[in-house]
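Architecture and fold: a report
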Amino acid sequence: MSQGKNADALKNGALIAFPTETVYGLGADASNEKAVARIYEVKARPHNHPLILHIASMDEISYWALDVKDYALALARDFWPGPMTLIFNRSAHAKDFVTGGQESVGLRVPDHALALDLLQECLKIGVHAIAAPSANRFGHVSPTTAAAVHEEIGTYLLPDDVILDGGSAHVGLESTIIDCTGDAPRILRPGAITQGMIEKCTGLTVNETSNSNIRVSGSLEKHYAPNAQIILDVQATAGQGFIAPAEVATPQGAIRLAAPTNTDEYARLLYAALRDADSQGLITIAIIQPSGDGLAIAIRDRLLRAANGR
Ligand code: TXA
Ligand code: MG
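This report concerns the structure included in the present document. Quick caveat, the model's predicted, so the values are computed rather than measured.

1. Things to note about the packing of helix H4 (residues 70-79) against helix H8 (residues 195-202)
Taken N-terminus to C-terminus, the directions of H4 and H8 make an angle of 115 degrees; their axes are 9 Å apart at the nearest point. With respect to the hand of their crossing, H4 and H8 are arranged in right-handed fashion. Of the residues in H8, those in contact with Tyr71, Ala74, Leu75, Asp78 and Phe79 of H4 are Met197, Ile198, Cys201 and Thr202. Here the residues of the contact of H4 with H8 sort into seven nonpolar, one polar and one charged.

2. Considering the sheet that holds strand E12 (residues 241-243)
Read across the open sheet, the four strands follow the order E11-E14-E12-E13; overall the sheet is parallel. This sheet does not close on itself; its edge strands, each paired only once, are strand E11 (229-232) and strand E13 (255-258). When the angles between neighbouring strand axes are averaged without regard to direction, this sheet yields 30 degrees. Strand direction decides the pairing type here: E11 and strand E14 (residues 284-287), joined by four bridges, are parallel. By the bridge assignment for E14, Ile230 is matched with Ile285.

3. Observations regarding helix H7 (residues 146-153)
Every α-helix carries 3.6 residues per turn, so stepping three or four residues along brings you back to the same face. Those residues of H7 that fall on the buried side of the exposure criterion are Ala146, Ala148, Val149, Glu152 and Ile153. Considered in projection along H7, the buried side chains sweep an arc of 155 degrees and stay on one side of the axis. Opposite the buried face of H7, at more than 90 degrees from it, the exposed residues are Ala147 and Glu151. Tucked into the core, H7 has its buried residues touching strand E1 (16-18), strand E2 (25-29), helix H2 (33-43), strand E8 (162-163) and helix H9 (263-279).

4. Focus: the pattern of salt bridges
In total, this model carries 11 salt bridges according to the counting rule given. For the salt bridge of Arg38 with Asp161, the shortest nitrogen-to-oxygen distance reads 2.7 Å. Placement of the pair is Arg38 in helix H2 and Asp161 in the loop between H7 and E8, with a sequence separation of 123 residues. Note on accessibility: Arg38 and Asp161 belong to one class, buried. A salt bridge links Arg90 to Asp96, with the shortest nitrogen-to-oxygen separation between them at 2.8 Å. Note on Arg90: relative accessible area 14%, which makes it buried.

Rules and cut-offs
Residues numbered from 1 in each chain as written. Chains lettered and ligands numbered in written order. Predicted model: local features only at pLDDT ≥ 70, side-chain atom pairs only at ≥ 80, totals over all residues. Heavy atoms only, no water. Axes fitted to C-alpha atoms, helices over the stretch in contact; angles between N-to-C directions. Helix = DSSP H or I, 4+ residues; strand = E, 2+ residues; numbered from the N terminus. Left-handed = near helix turned anticlockwise from the far one by under 90°. Contact = heavy atoms within 4.5 Å. Nonpolar A, V, L, I, M, F, W, Y, C, P; charged D, E, K, R; others polar. Pairing = 2+ DSSP bridges. Buried < 20%, exposed > 50% of the residue type's maximum accessible area, 1.4 Å probe, protein only. Arc of directions from axis to C-beta. Salt bridge = Lys/Arg side-chain N within 4 Å of Asp/Glu carboxyl O.

What follows is the structure in C-alpha cells.
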C-alpha cells in the first residue's frame with residue numbers, strides 16, 4: 001500500500017508511528033511546530049531533548065545541515081539507509097522546536113520499506129523530514145513492534161493519528177549516533193554501526209574525547225527501562241526473570257525471557273523480553289550480558305542505563 005494518504009495526514013498535523021529497522025518512531029512533520037509539540041506531550045519528554053529527523057535519502061542533508069564534512073558523506077553513502085544517525089550543524093530549516101534549541105541537527109535514513117515509502121510520499125508534498133523519537137513514554141523501553149507502540153502511547157493519541165504496522169524491528173536497538181561536527185567522527189550512542197565500521201569507512205580514528213556539550217537524552221542515567229528492576233550479571237533466583245545467552249542454563253525456578261544464540265539475536269529480542277517481564281508482573285530481571293565488541297557494546301550500554309537509577 002502506498003503511504004500517500006498517511007503523508008497527507010502527517011502534513012495536516014497528525015502524528016504517525018512508523019516502523020524502522022531499529023525501533024518504532026513517533027513521527028511528525030519536522031516543520032510543523034504544533035505537531036512536533038504533540039510528540040513531546042505524548043511521550044512526556046522534556047522539551048530541550050532534540051529529535052532525530054528522518055529523511056528519504058542523503059540528498060536531503062543539504063536542506064537541514066550546514067558545513068557537512070566529507071567523512072560524514074562517506075558514512076551516509078555506506079550506511080544509509082541504515083541504523084545510523086549523523087549530527088550536523090543545523091541549517092535555518094531546522095528550528096529550535098526540533099533541535100531542543102541546539103545549533104545541531106540529527107539526521108537518519110531508516111532502512112525499512114514502509115518508512116521509506118512514507119518519507120518519499122512526504123517529500124512529494126513538500127515535507128522534507130519526519131521528526132521522530134522512539135515511540136515510547138520518556139525513559140521507558142523502546143517499542144520494537146506495533147503492538148508495543150499501542151501499549152506505550154495508544155491512549156495518548158488522537159483519532160487522526162496513525163500507528164503503522166511493519167512487523168518486528170530487525171535490529172531491535174536504537175541507531176548509532178555519530179557527532180559529525182568535528183574534524184573526526186565521535187560516537188554519542190553506540191549501535192549496530194560500530195566504531196570499527198566507522199573507522200574503516202572514513203579512514204579516521206573515532207574521536208573519544210567529549211569535546212562538546214551536545215545533549216543526548218539516552219545519556220540520562222535511567223533510560224530504556226522496564227518497570228521491573230534489572231540486575232546485571234548475577235544468576236536469577238526462583239521467581240525472577242532471566243535473560244542470558246542460550247548457552248547459559250536457566251537457574252531453577254527462574255522465568256526464562258530470552259535465550260539468544262548470538263549477539264544480533266540478543267539485540268533483536270531484548271526489548272520484547274523486557275516488555276514480557278512487565279506484562280507478567282515480574283519484580284526483578286537478572287540479565288547476563290553479552291561479551292565482545294561490536295553490537296554487544298550497544299547492548300551493554302542500554303542494559304547499564306536500564307539498570308541504573310531505579
Ligand atoms: O534508531 C533510532 O535512532 C530511533 C528510530 C525511531 O529512528 N530513534 C530514537 O530517537 O532512538 P530518540 O529520540 O529516542 O533518541 C534519539 C537521540 C536522543 O538521545 C537525542 O538526544 C539525540 O538522539 N539527538 C537528536 N538530535 C540530536 C542533536 N542535534 N544533537 C545531539 N543529539 C541528538
Ligand atoms: Mg528513545
